[in-house]
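Descriptive structure summary
The chain contents come next:
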Amino acid sequence: LIAGASNGEGLGDEFLRHIDRTKLLIHLVSVENQDPEKIISDYQTIQDELKKSAYNFDSKVHIVALSKCELADSTTLDKCVSLLNKMNIEPLTISSLNRINIDELINKIYIELDREPEKN
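Below is a summary of the structure that appears in this document. (Residues numbered from 1 in each chain as written. Predicted model: local features only at pLDDT ≥ 70, side-chain atom pairs only at ≥ 80, totals over all residues. Heavy atoms only, no water.)

Note: strand 1 (residues 24-30) against strand 2 (residues 61-67), 7 bridges, orientation parallel. Bridge pairing in strand 2 places L25 opposite H62. Taken together, strand 1, helix 2 (residues 36-52) and strand 2 form a β-α-β motif whose crossover is right-handed. (Pairing = 2+ DSSP bridges. Helix = DSSP H or I, 4+ residues; strand = E, 2+ residues; numbered from the N terminus. Right-handed = clockwise from strand over helix to strand, strands pointing away.)

What follows deals with the side chain of K60. For K60, the position within the fold is in the loop between helix 2 and strand 2. K60 gets classed as buried once you look at its relative accessible area, which sits at 14%. At 2.5 Å, the side chain of K60 forms a polar contact with the backbone oxygen of T22. With residues up to four places along the chain from it excluded, the contact list for K60 reads I19, D20, T22, K23 and L25. (Buried < 20%, exposed > 50% of the residue type's maximum accessible area, 1.4 Å probe, protein only. Polar contact = N/O pair within 3.5 Å; in protein donor to acceptor, adjacent residues only side chain to side chain. Contact = heavy atoms within 4.5 Å.)

Before going further, it helps to spend a moment on the packing of helix 2 against helix 3 (residues 74-86). Between helix 2 and helix 3, the least distance of the axes is 9 Å, while the angle of their chain directions is 40 degrees. As summarised for this structure, helix 2 and helix 3 are arranged oblique, according to the angle between their axes. For the element pair helix 2 and helix 3, the recorded crossing hand is right-handed. For the pair formed by helix 2 and helix 3, the contact residues are P36, E37, I39, I40 and Y43 on the first element and T76, K79, C80, L83 and L84 on the second. Classifying every residue of the contact of helix 2 with helix 3 by side-chain character gives 7 nonpolar, 1 polar and 2 charged. (Axes fitted to C-alpha atoms, helices over the stretch in contact; angles between N-to-C directions. Parallel < 35°, antiparallel > 145°, perpendicular 65-115°, else oblique. Left-handed = near helix turned anticlockwise from the far one by under 90°. Nonpolar A, V, L, I, M, F, W, Y, C, P; charged D, E, K, R; others polar.)

We now examine the environment of T22. Structurally, T22 can be placed in the loop between helix 1 (12-20) and strand 1. By relative accessible area, T22 is classed as partly exposed at 26%. For the pair T22 and F57, spaced 35 residues apart in sequence, the C-alpha to C-alpha distance is 9.6 Å. At a separation of 3.4 Å, a polar atom in the side chain of T22 contacts the main-chain carbonyl oxygen of L24.

Before going further, it helps to examine the pattern of salt bridges. In total, this model carries 5 salt bridges according to the counting rule given. Across the salt bridge formed by K68 and E32, the nearest N and O atoms sit 3.0 Å from each other. Of this pair, K68 sits in the loop between strand 2 and helix 3 while E32 sits in the loop between strand 1 and helix 2, and the two are 36 residues apart along the sequence. Exposure remark for K68: the relative accessible area of 36% places this residue in the partly exposed category. One salt bridge in this structure joins K79 and E37, with 3.9 Å as the shortest N-O distance. (Salt bridge = Lys/Arg side-chain N within 4 Å of Asp/Glu carboxyl O.)

Printed below as a string of structure tokens:
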């Protein structure tokens, strides 16, 4: 999703219409950039496009996962978490490569879908 998607830029309405059919949205926010302000600005751009669209994404559950956390230093991660907390968002920090908090993310998805997590 890019800036202007709600006005038809990029995949625009086609993509928004597709995600309108979902039960929840998972925002994978890469923290490899190392600039917390830019990371949060990019996330906010997505949020702005969702709000501007003709669809009601506010009624959906949103999960925010700070991905590629193995590539960010602790200062960057802490700042991103702090900035999101100020927006009343509690992100998960995850790494697919190192399997950091992946089980927690999966469990949160199950809980938000009102289902029981699978036992491994």
